[in-house]
Amino acid sequence: MLLLIHPDRPWPRETLERIWDYVRRGGALLVAADTAVRSGDAKSSFNEVLEPLSMRVCFDSAVARTANWEQAYQLASHPASFGLNDLRNPFGMLMGSSLRAGWATRPILAGRWGWSEPGGSAVAGFSGYNAGERLGDLLLAAEQPFGRGRVAVLGETTPLHNETLAAGYPFVGRLLC
């Protein structure tokens, strides 16, 4: 498995081709995004890797109405989330980006009762829901087949952090498998 954690530099075309070829031949790719960065030389580049797929990481912050999405997850029928419940945030999600998915995408995890704060700066502070922002259920993790392989995307990197792995290891472990 290839794990990309919030890439923030442009990708050389040859590198992208090698990644896509690896997945097409049966490899697995896990992209852990976060709220998008657009500052100076740094610019989030996870959507470049997702170019041949029908899923994209949105330039937003997925904001939960509940504390850290606790008891607000909608679990999909997926091996990474099967049998887990949404008590005590076993998925480790806090506030990353939401995902936009096309027809070939398989949801892994959605957040209910949230909203999409435009831009990547909601972590720095926001006043709550504002009229016109996307309101409702937000896709937080998804997967899509690509050739003989598959690509999974997390809307944030928090599930991979030391502090959240203590509770979220069953979910993260399944994603890595």
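Residues numbered from 1 in each chain as written. Predicted model: local features only at pLDDT ≥ 70, side-chain atom pairs only at ≥ 80, totals over all residues. Heavy atoms only, no water.

**Observations regarding a nonpolar patch on the surface**
In step 1: A surface patch of nonpolar side chains, amounting to about 340 Å² of accessible area, comprises Met1, Leu3, Ile5 and Leu176.
In step 2: Within the element layout of this structure, Met1 appears in the segment before strand E1 (2-5).
In step 3: Using a relative accessible area of 42% as the deciding quantity, one classes Met1 as partly exposed. (Patch = residues over 30% accessible without salt bridge, like charges linked within 9 Å, V, L, I, M, F, W, Y side chains within 5 Å. Areas by Shrake-Rupley, 256 points an atom, 1.4 Å probe, with all protein chains shown as cover. Salt bridge = Lys/Arg side-chain N within 4 Å of Asp/Glu carboxyl O. Helix = DSSP H or I, 4+ residues; strand = E, 2+ residues; numbered from the N terminus. Buried < 20%, exposed > 50% of the residue type's maximum accessible area, 1.4 Å probe, protein only.)

**What to know about unusual backbone geometry**
In step 1: Of note in the backbone geometry, His6 takes a positive phi value of approximately 35° without being a glycine.
In step 2: Look at Trp113: it is not a glycine, yet its phi comes out positive at around 65°.
In step 3: You can see Trp113 is positioned in strand E9 (residues 106-118).

**A look at the pairing of strand E11 (residues 149-154)**
In step 1: With five of six residues buried, E11 lies mostly within the body of the structure.
In step 2: Both strand E2 (residues 28-32) and E11 contribute to a ladder of five bridges, which runs parallel. Pairing of Val31 across the sheet is with Val153, part of E11.
In step 3: Bridge analysis of strand E10 (residues 134-146) against E11 gives six bridges, and the strand direction is antiparallel. Its bridge partner being in E11, Phe146 is matched across the sheet by Gly149.
In step 4: Hairpin connection from E10 to E11: two residues lie between these consecutive antiparallel strands, with Gly147 at a positive phi of about 60°. (Pairing = 2+ DSSP bridges.)

**A word on the pattern of salt bridges**
In step 1: For the structure on display, the rule yields five salt bridges.
In step 2: Note that Arg106 and Glu143 form a salt bridge whose closest N and O atoms lie 3.7 Å from each other. Note that Arg106 is positioned in strand E9 and Glu143 in strand E10, a separation of 37 residues in sequence.
In step 3: A relative accessible area of 35% places Arg106 in the partly exposed class.

**Digging into helix H3 (residues 162-176)**
In step 1: With 15 residues, H3 should reach 21 Å at 1.5 Å per residue; the first-to-last C-alpha distance of 16 Å falls well below that figure.
In step 2: Of all the residues in H3, the buried ones are Thr164, Gly168, Phe171, Val172 and Leu175.
In step 3: Contact partners of the buried residues in H3: E2, E9 and E11. (Expected span 1.5 Å × (residues − 1). Contact = heavy atoms within 4.5 Å.)

**A look at the environment of Leu53**
In step 1: Following the sequence through the fold, Leu53 ends up in the loop between helix H2 (46-49) and strand E5 (55-57).
In step 2: As for Leu53 and Gln144, which are separated by 91 residues in sequence, their C-alpha atoms are 7.5 Å apart.

**Side note on the packing of aromatic side chains**
In step 1: Under the counting rule described, the total for this entry stands at two aromatic pairs.
In step 2: Ring geometry for Phe91 versus Phe171: centroids 4.9 Å apart, planes at 80°, classification edge-to-face. Here Phe91 is found in the loop between strand E7 (73-75) and strand E8 (99-101), whereas its partner Phe171 is found in helix H3, with 80 residues between them in sequence. Of the two residues, Phe91 and Phe171, both sit in the buried class.
In step 3: Taken together, the aromatic side chains of Tyr73, Phe91 and Phe171 make up a single cluster linked through ring pairs. (Phe/Tyr/Trp six-rings, centres within 6.5 Å; stacked < 30°, edge-to-face > 60°.)

Note that every value here comes from positions in space, so none of it alone points to a role or purpose.
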